[in-house]
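Descriptive structure summary
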Amino acid sequence: MEKDEIHLRRLPAAAPWGPHAGSEFHGVDFLPEDLNEAPEETGMRVNKKYSCLPAEEKGIHIINIRAIEDIGYDQHESTLLNSLSKNPDADCKYGLYFRDGKRKVDYILVYHYKKSSAGRTLTRRVHHNDSSARSTKQDQPLPGKGVQLEMGESEPHVDYHEDDKRFRREEYEGNLVEAGLELERDEDTKIHGIGFVKIHAPWNVLCREAEFLKLKMPTKKMYHINQTHGLLKKINSVIQKITEPIQPKVAEHKPQTVKRLSYPFSREKQHLFDLSDRDSFFDSKTRSTIVYEILKRTTCTKAKYSMGITSLLANGVYSAAYPLHDGDYEGENVEPNDRKLLCEEWASYGVFYKYQPIDLVRKYFGEKIGLYFAWLGVYTQMLIPASIVGIIVFLYGCATVDENIPSMEMCDQRNNITMCPLCDRTCSYWKMSSACATARASHLFDNPATVFFSVFMALWAATFMEHWKRKQMRLNYRWDLTGFEEEEEAVKDHPRAEYEAKVLEKSLRKEHKHKEVGLTFAIVFGVIIYRISTAAALAISSTPSGRSSVRVTVTATAVIINLVVIIILDEVYGCIARWLTQIEVPKTDKNFEERLIFKAFLLKFVNAYTPIFYVAFFKGRFVGRPGDYVYIFHSFRMEECAPGGCLMELCIQLSIIMLGKQLIQNNLFEIGIPKMKKFIRYMKLKRRRSLDHEEHMKKKQRYEVDYNLEPFAGLTPEYMEMIIQFGFVTLFVASFPLAPLFALLNNIIEIRLDAKKFVTELRRPVAVRAKDIGIWYNILRGIGKLAVIINAFVISFTSDFIPRLVYLYMYSENGTMHGFVNHTLSSFNVSDFQAGTAPNDPMDLGYEVQICRYKDYREPPWSENKYDISKDFWAVLAARLAFVIVFQNLVMFMSDFVDWIIPDIPKDISQQIHKEKVLMVEVFMREEQGKLQMLETWKDKDKKKGENCNNHSPRLSRSHSGSLSSCHSYPLDV
């Protein structure tokens, strides 16, 4: 054919092409420029977008204009086509519906395909109608796969792996069609090389799956929710008026006075349900959940083992699978939708002071994500009283710092207490008064009020857990999860694809997990050794300014180093936890998630708290004494606590690590990394647009926009972040009363940050039913119990609270704290230094030192048993252990009492649940009574007809003997 020819080819109306065989369709499209280079794509492609001919047309002309530019038309293909027909994207709401504008897109499958080397891949959008969806067979081409090649045409060469993936997709999509789903393909997208399969679940499939999953759906029966009366009603009314400005402006957040009775969906009892609007009966999250369940259990067998959607994704057959967002959340002329409402009333920093619209969150994202944000909201609210009490405790320390006798004695230069060197040779003697600032600062956190605050926080943790359980029950009632049990969830617990692969391939090997675990603890030990060596190296300073600030320098640098190592190892430990869990090959997704969470929590717990545990319980405990110090690697002395104790350093360590993790790891990473990824995607798209102006001019479909969003990685990182923070708030709160305040400020930002991420930056996750927060609740309870023990030891062994009490009641001559500092210091004769460890400059203070002091309970050098542990040490140790036992048991008892006295289920919710059960019984009783009455009516009618026949039988036998049998024409069985 010459270049300037116009080639026409007449096709019959009933072209036998796959799912569209026998149907009357029409469209205009262009063939590739070279028929020989892409013979597979020369056939007709069904495309309603370019529809322009009447439906009655019995044939279709396919036009291949070879020299359209040579005859004076320099237009893009899309420009010509748009001149032939209107753009139907508005009818399908830009990808939210099928091309017919009626069937809603419930799920999207995304795959990569390679373009033909001959040129640009042809535009191809194929729809799958209702009638053909159920008649598609495996030997027919699936929608969007092209048409049968004519005789004489040869298939283009395709890569083996790509061909294998295509065959798997064909089989899998065919199985989806057999399962009742309807599919539509779209490869005409702005993202080159990416194809989309749109999935729609028709009404009969939704009903079938809803019954299988035992989804509770609203019935026609409505009832009034019991309201409070009397004084409580007035109080609630006043509270509602006061809190009205901080309530989100969404319909779902308004107080309910009536509620629909819910019941597990059943096709046999459809008359019970409110089916007045079938389009909205199953909302978008429910529809996507149903489709996802079908995707999980539908398999393709053209592989070595059966592959569901998770395996197909893992093997690259599909690159992504996700439900669609409801629409745009910003821009002009955006139609109202739940996503836009969530963005305005929830995912905005301007509404940080408002309550969360939890019901709308659950409606859009599902119960599991709704419970996470509800838990986060309750936790943040409970931090308010804890923050207030913490501030009061801190202010008490500030107000009484000038009245603290021990710190006043340490700051009094008249005492002239000479302390022993902090390191060998290069360090000299120093005055205790030089640590005055540290001693005064220690009192801010080491005072009698901190003991009260520790007890308060233990009770606060117990109250928080009970409050959450009650809140959870209220949400279960409102969200119709009261009858939801794990047994019902078991119907969705399909074996994981990786489990099936390992079992069927028989390649499950026993791995040596102890090696990896040993490596983890080796890294943790290395961090501690690195801290000690760094501190010792920094302590060796020849300058006077360096020697005066050595303790502050050591503490600050060591904490910053620990913070950096913690942030880096957090990512490493997350990968190790996932790898160890994959080695175990758990059978179900639930088992996999629980084991992964437990391993990740243990590793990250050790990573985050090891430096803090070291300062709290190990630093200064195994130092030795002057003349007999403990060395590491025969070079570095173990660190000592300051004269005021290690509590101040523990406070610094805790505050920097907590604030650093929240600022850098949680907020900066969560904001910065998504922004950077978004910018990289934008630059890539910008380069593509510059190469293809035509694609740039088209508006993206909804599924194209959502494909460019980040995939949802689960709630584990979000929970883990908050659980570690909960540990900072409760475990060492005795050393840092301001921890709840900083956690509160972080969470106010965190809620809106997470909300914005879920609404605007992530693909819409599949809604998952859940009635609680799962294993995280047990972890929280464990941390709460552990916090009581740790705080007891912090007060007893890290702070000077117990030594002060012992001195006050056993050794003080006048019943005051005067002389306490001198009581806690032991004496050392400098002549007893080991060879080579004495200071190089013994006259650094300007006088010769004979006796130096160090903090410990030991016998003086003039004693018969010099430098042995004194009886004062054993008295203080006994008091410390006694305090731990008393504190732990008392606080545990009080926590259990709070747990016992507060019922898990609120009384009004218990009454409403009972009322629902009674109403449901009444509904079924009335239904059975109606059936019995109908049965009795039919029997009465049959009986009367039989009597009439018997009364008139003689006459009927004489005159109409042939019609007697008509009296018994009604059957008795109903």
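By the naming in an unreviewed UniProt entry, the chain goes by Anoctamin and is assigned to Aquila chrysaetos chrysaetos.

On to the overall build of the chain. Tallying secondary structure elements over the chain gives 31 helices and 17 strands in all. Put simply, the chain has 974 residues, and 49% of those count as buried. In the chain, 81% of the contacts between residues at least 6 apart in sequence involve partners at least 24 apart.

Applying the stated rule across the entire model yields 2 disulfides. Here C411 pairs with C436 through a disulfide, and the sulfurs are 1.9 Å apart. Taking the sign of the S-S torsion, about 95 degrees here, the bridge from C411 to C436 comes out right-handed. You can see C411 sitting in helix α12 (residues 405–411) and its partner C436 sitting in helix α13 (residues 436–445), a full 25 residues away along the chain.

For any two helices packed against each other, the geometry is given by the interaxial angle and the distance between the axes. Two elements in contact, helix α14 (residues 448–478) and helix α26 (residues 775–798), have axes whose closest approach is 10 Å; the angle formed by their N-to-C orientations is 170 degrees. When the interaxial angle is binned, α14 and α26 end up roughly antiparallel. Where α14 abuts α26, its residues V451, S454, A458, M465, E466, W468 and K469 lie against Y777, L780, R781, V788, N791 and I795. A breakdown of the residues in the contact of α14 with α26 according to their chemical character gives 8 nonpolar, 2 polar and 3 charged.

Attention shifts here to the environment of P803. Along the chain, P803 falls in helix α27 (residues 801–811). Each C-alpha atom, one on P803 and one on T824, is 8.3 Å from the other, the two residues being 21 residues apart in sequence. Ignoring sequence-local partners within four residues, the contact set of P803 consists of F820, Y857, V876 and R880.

Bringing the nonpolar core into the picture now. Residues W375, Y379, W460 and F732 are the most contacted members of the largest nonpolar core, which totals 119 residues. Examining the composition of this core, we find that 15 residues originate from one element, helix α11 (residues 367–400), more than from any other. Beyond its immediate stretch of four places on either side in the chain, F732 contacts Y609, I612, F613, A616, F617, L650, L654, G727, I790, N791 and V794. Formed by 47 residues, the second largest nonpolar core is a distinct cluster that contains L176, L206, L261 and V291.

A few words now on helix α20 (residues 589–618). Compared with an ideal rise of 1.5 Å per residue, which puts 30 residues at 44 Å, α20 spans 41 Å between its outermost C-alpha atoms and is within 8% of the ideal. Just beyond α20, the residue with positive phi is G620, at close to 80 degrees.

Here the focus is the UniProt feature "transmembrane region" (unreviewed entry) in the chain. The sites that carry the UniProt feature "transmembrane region" (unreviewed entry) are, in the present numbering, residues 372–396, 449–468, 517–540, 552–576, 596–617 and 722–745. Secondary structure within residues 449–468 divides into 100% helix and 0% strand; the distance between the first and last C-alpha atoms comes to 28 Å. Helix makes up 100% of residues 596–617 and strand 0%, and the two end C-alpha atoms of the span are 30 Å apart.

Checked against the element boundaries, E761 lands in helix α25 (residues 739–761). Once you skip the residues sitting within four places of it in the chain, E761 turns out to touch P674, K675, L709, E710 and K756.

Attention now goes to unusual backbone geometry. For K214, which is not glycine, the phi torsion reads 60 degrees and is therefore positive. Structurally, K214 is set in the loop between α4 (203–213) and β7 (216–224). If you check the backbone angles, Y867 has positive phi at about 70 degrees while not being a glycine. Looking at where Y867 falls in the secondary structure, it is placed in the loop between β17 (851–855) and α29 (871–901). Overall, Y867 belongs to the buried group, its relative accessible area being 4%.

A complete count under the given rule lists 51 aromatic pairs for this structure. Ring centres 6.4 Å apart and planes at 35 degrees place the aromatic pair F618 and F622 in the tilted group. When the ring centre of Y97 is taken as origin, the NZ or CZ atom of K104, which lies over that ring, is 5.6 Å away. When the ring centre of Y477 is taken as reference, the NZ or CZ atom of K259 above it lies at 5.0 Å.

Before going further, it helps to examine the packing of α14 against α29. In contact at an axis separation of 9 Å, α14 and α29 are set at 30 degrees when each is read in the N-to-C sense. In terms of orientation, α14 lies roughly parallel with respect to α29. As α14 packs across α29, the resulting crossing turns out to be right-handed. Contact with α14, carried on its side by V451, S454, V455, A458, L459, A462, T463, E466 and K469, involves F883, F887, V891, M894, S895, V898 and D899 of α29 and no other residues of that element. Of the residues belonging to the contact of α14 with α29, the class tally is 10 nonpolar, 3 polar and 3 charged.

This part is about the pairing of strand β3 (residues 107–112). Most of β3 sits out of view: 5 of its 6 residues are buried. Pairing of β3 with strand β6 (residues 194–200), which is carried by 6 bridges, proceeds in the antiparallel orientation. The partner of I108 across the bridge, within β6, is K198. Examined bridge by bridge, β3 and strand β9 (residues 320–322) share 3 bridges and lie antiparallel to one another. Looking at the pairing, V110 lines up with A320 of β9.

Turning next to the side chain of D446. Turning to its location among the elements, D446 is positioned in the loop between α13 and α14. One buried charged side chain, D446, makes no salt bridge at all; its nearest oppositely charged neighbour is R804, positioned 4.2 Å away. One polar contact links the side chain of D446 to the main-chain amide nitrogen of D800, over a distance of 3.2 Å. Excluding residues within four positions of it along the chain, D446 makes contact with L647, S799, D800, F801 and R804.

Reading guide: rules and limits
- Residues numbered from 1 in each chain as written.
- Predicted model: local features only at pLDDT ≥ 70, side-chain atom pairs only at ≥ 80, totals over all residues.
- Heavy atoms only, no water.
- Helix = DSSP H or I, 4+ residues; strand = E, 2+ residues; numbered from the N terminus.
- Buried < 20%, exposed > 50% of the residue type's maximum accessible area, 1.4 Å probe, protein only.
- Contact = heavy atoms within 4.5 Å.
- Disulfide = S-S within 2.5 Å.
- Axes fitted to C-alpha atoms, helices over the stretch in contact; angles between N-to-C directions.
- Parallel < 35°, antiparallel > 145°, perpendicular 65-115°, else oblique.
- Nonpolar A, V, L, I, M, F, W, Y, C, P; charged D, E, K, R; others polar.
- Core = buried A, V, L, I, M, F, W, Y, C linked by side-chain atoms within 4.5 Å.
- Expected span 1.5 Å × (residues − 1).
- UniProt positions renumbered as here; feature names shortened; annotations may be inferred.
- Phe/Tyr/Trp six-rings, centres within 6.5 Å; stacked < 30°, edge-to-face > 60°.
- Lys NZ or Arg CZ within 6 Å of the ring centre and 35° of its normal.
- Left-handed = near helix turned anticlockwise from the far one by under 90°.
- Pairing = 2+ DSSP bridges.
- Lys, Arg positive; Asp, Glu negative; His and termini not counted.
- Salt bridge = Lys/Arg side-chain N within 4 Å of Asp/Glu carboxyl O.
- Polar contact = N/O pair within 3.5 Å; in protein donor to acceptor, adjacent residues only side chain to side chain.

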